[in-house]
Number of protein chains: 2
Amino acid sequence: MMLLGVDCGGTNLKIALVKESGEMVQSALEPINFKRPAGRVVSDIASRIKSFKDRHGAIGARNVGMGIAGDVDSAKGIVRFSPNLGWKNVPLKKLLARDLNASVAIENDANCAAWGAYCLDAKKDCENLICLTLGTGVGGGIIIGRKLYRGSTGSAGEIGHLTVKYDGRLCGCGSYGCLESRVGAWGMIQTAKEGIAQGRSPMLKILLRETGAKLSPRLIEQAARKNDPFSKKIWQDAGVCLGAALASLVNILNPDRIVLCGGVSKAGDLILKPALRTLKERAFAVPVQKVKVTVSKYDEKLGVVGAALLSRE
Amino acid sequence: MMLLGVDCGGTNLKIALVKESGEMVQSALEPINFKRPAGRVVSDIASRIKSFKDRHGAIGARNVGMGIAGDVDSAKGIVRFSPNLGWKNVPLKKLLARDLNASVAIENDANCAAWGAYCLDAKKDCENLICLTLGTGVGGGIIIGRKLYRGSTGSAGEIGHLTVKYDGRLCGCGSYGCLESRVGAWGMIQTAKEGIAQGRSPMLKILLRETGAKLSPRLIEQAARKNDPFSKKIWQDAGVCLGAALASLVNILNPDRIVLCGGVSKAGDLILKPALRTLKERAFAVPVQKVKVTVSKYDEKLGVVGAALLSRE
């Protein structure tokens, strides 16, 4: 049976045709304008899914799973709140199911990625898994007993908003010192901006001018690879914060696996070395010996594949 | 059917006869000398349980549940490590089952308390619960889907070792800025000691001299109730740290219930007010609206009753 996975980002729609094994057969990335009333956006999404099905001879695919950034009530099929899409209480499942004449499941996008990571990276030997998506923000999803753990209102897994420093930086969520505020792209950019303003990184300043690029984890990585002490310290600090959060997760949830994905995880040793060292130094011996931490090689796929596979759960 | 619950603390043995409903029928508290070889201590425990059964006409009680502070492998029935008892890899379940001719279950003591809290405080309307034991240290236990969640090596639930400040105070576990280092009795005493050494609390100094008592959360509470600004600030800070940890737990695990127990939770508003305010300010709206935070009225009983009831799971 073929399944359809859809990842509904802030600017793009990713659609994929996925086998039940998790293998992605076809995919497309389509720009979409979310700055219209939700009803019209949903109709647009439905017609793009239909035309994708037509193009790829997948008329029979009647299970659609969709991931959305935000607070999703998957049981009721409602997007309670999505700041990225500007949606509030949109009955997405009902609307889409009607337009597509299909069985539709909707889910938070980081939960979809976690399910994808579980199915693609870990299913064989894993009961409990945590997935962290290190992007602009930090998302998370938790698999417990081989099932996606949603919590009591479907809100579980917001690992980006685990406090790592209770008197730390104000986070976009209104809390202070969240993991995201140190390890999310926006948090790292903020740290870099503060440093540049204080004249602590001439190299970042030069790189910004020379490349004309915007400040990004990528640029901070370039500066760090050129031995800029301040940029190296940003990665080091981000790694220690990530490691402290991983230690908290290991002490509390004692998972078999932690899978990292998303842009920031691609900086490799710059962030992983301090993170893994900190995790090992800080977490309890027995559970830290058990847990395997990896960067997913499927990355880009995890969200759509996970969404597609969740449509069958 | 009658069950036996045993709580194996560092100096005392608590034994209780418990109905399957969770009602405690009889209990006893017996001092015990743990400074002997583990085998002899276990024989002693067994004979005390036997004599308790004899005294209370509970010869038929063949299910024994025992809670132990430390790292317990409940599946294999082994106490991997208990710093309090000085035990390492003690096959407690096998030894006790032989001596008692009974069906024995062993479990981490904070997990027992969590199971007790779930059964006594919350069973009716609760799927997912977190229990925090605020004592000398901070213990924790997690109920997910109406079952005790043990994680992949039985080590889950170490909520006292959730980081609240990654660059904070060194904790007994080797990590930094653990919840326990701010909210556990030892953490609060440490904060008070530092303050007294800096001359920041003349009142604590006077109270210590006048009462001849040792420094304790109780004494810091007395000083705070007499309006000592430094002692009030200790409770305020402990409350904010606890609230930040609760917010992390709500964002990650989205439970229906959080139950607090243990000595420090008895300080009431002094710690609860800042903790609940911080939780509400910091956690996501939907899950924080759902979660109910209470101080257990069963407190002392939770461990033994939970242990007894776990013997039937």
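Residues numbered from 1 in each chain as written. Chains lettered and ligands numbered in written order. Predicted model: local features only at pLDDT ≥ 70, side-chain atom pairs only at ≥ 80, totals over all residues. Heavy atoms only, no water.

Peer 1: How would you explain the pattern of salt bridges if you had to name every residue and give the values?
Peer 2: Under the defined criterion, the tally for this structure stands at 40 salt bridges over all chains. One salt bridge connects A:E300 with A:K14, and the closest N-O pair in it is separated by 4.0 Å. Taken together, the positions of A:E300 in the loop between β13 (292-295) and α11 (302-310) and A:K14 in strand β2 (residues 12-19) put the pair 286 residues apart, joining distant regions of the chain. B:D71 is the salt-bridge partner of B:R80, the closest N and O atoms lying 2.9 Å from each other. Each of the two residues, B:R80 as well as B:D71, counts as buried. Taken together, the shared-partner salt bridges connect A:E30, A:R36, A:D44, A:R48 and A:R55 into one network. (Salt bridge = Lys/Arg side-chain N within 4 Å of Asp/Glu carboxyl O. Helix = DSSP H or I, 4+ residues; strand = E, 2+ residues; numbered from the N terminus. Buried < 20%, exposed > 50% of the residue type's maximum accessible area, 1.4 Å probe, protein only.)

Peer 1: Kindly report on the environment of B:S43, identifying the contributing residues and their values.
Peer 2: Mapped onto the elements of the fold, B:S43 is located in helix α1 (residues 38-55). Along the primary structure B:S43 and B:N84 are separated by 41 residues, whereas in three dimensions their C-alpha atoms are 18 Å apart.

Peer 1: Tell me about the interface of chain A and chain B, residues and numbers included.
Peer 2: Each partner contributes residues to the interface: chain A has 45 residues there, and chain B has 45 residues. Of the roughly 3,800 Å² buried at the junction of chain A and chain B (both faces included), carbon and sulfur atoms supply 58%. Area buried by chain A at its contact with chain B is led by A:Y166, A:I252 and A:R282, which between them contribute 20% of it. For the pair chain A and chain B, the number of links is 2 salt bridges. (Contact = heavy atoms within 4.5 Å. Buried area = accessible area lost by both parts, 1.4 Å probe.)

Peer 1: Describe the relation of the copies chain A and chain B, naming the residues involved and giving the relevant values.
Peer 2: After a rotation of 180° and a shift along the axis of 0.0 Å, chain A superposes on chain B with an RMSD of 0.0 Å. In short, the pair behaves as if placed about a two-fold rotation axis. Across chain A, the smallest distance between a C-alpha and the rotation axis is recorded for A:K165, namely 2.0 Å. A share of 100% of interface residues in chain A that are also interface residues in chain B marks the association as one of identical surfaces. (Least-squares fit on C-alpha atoms with pLDDT ≥ 70 in both.)

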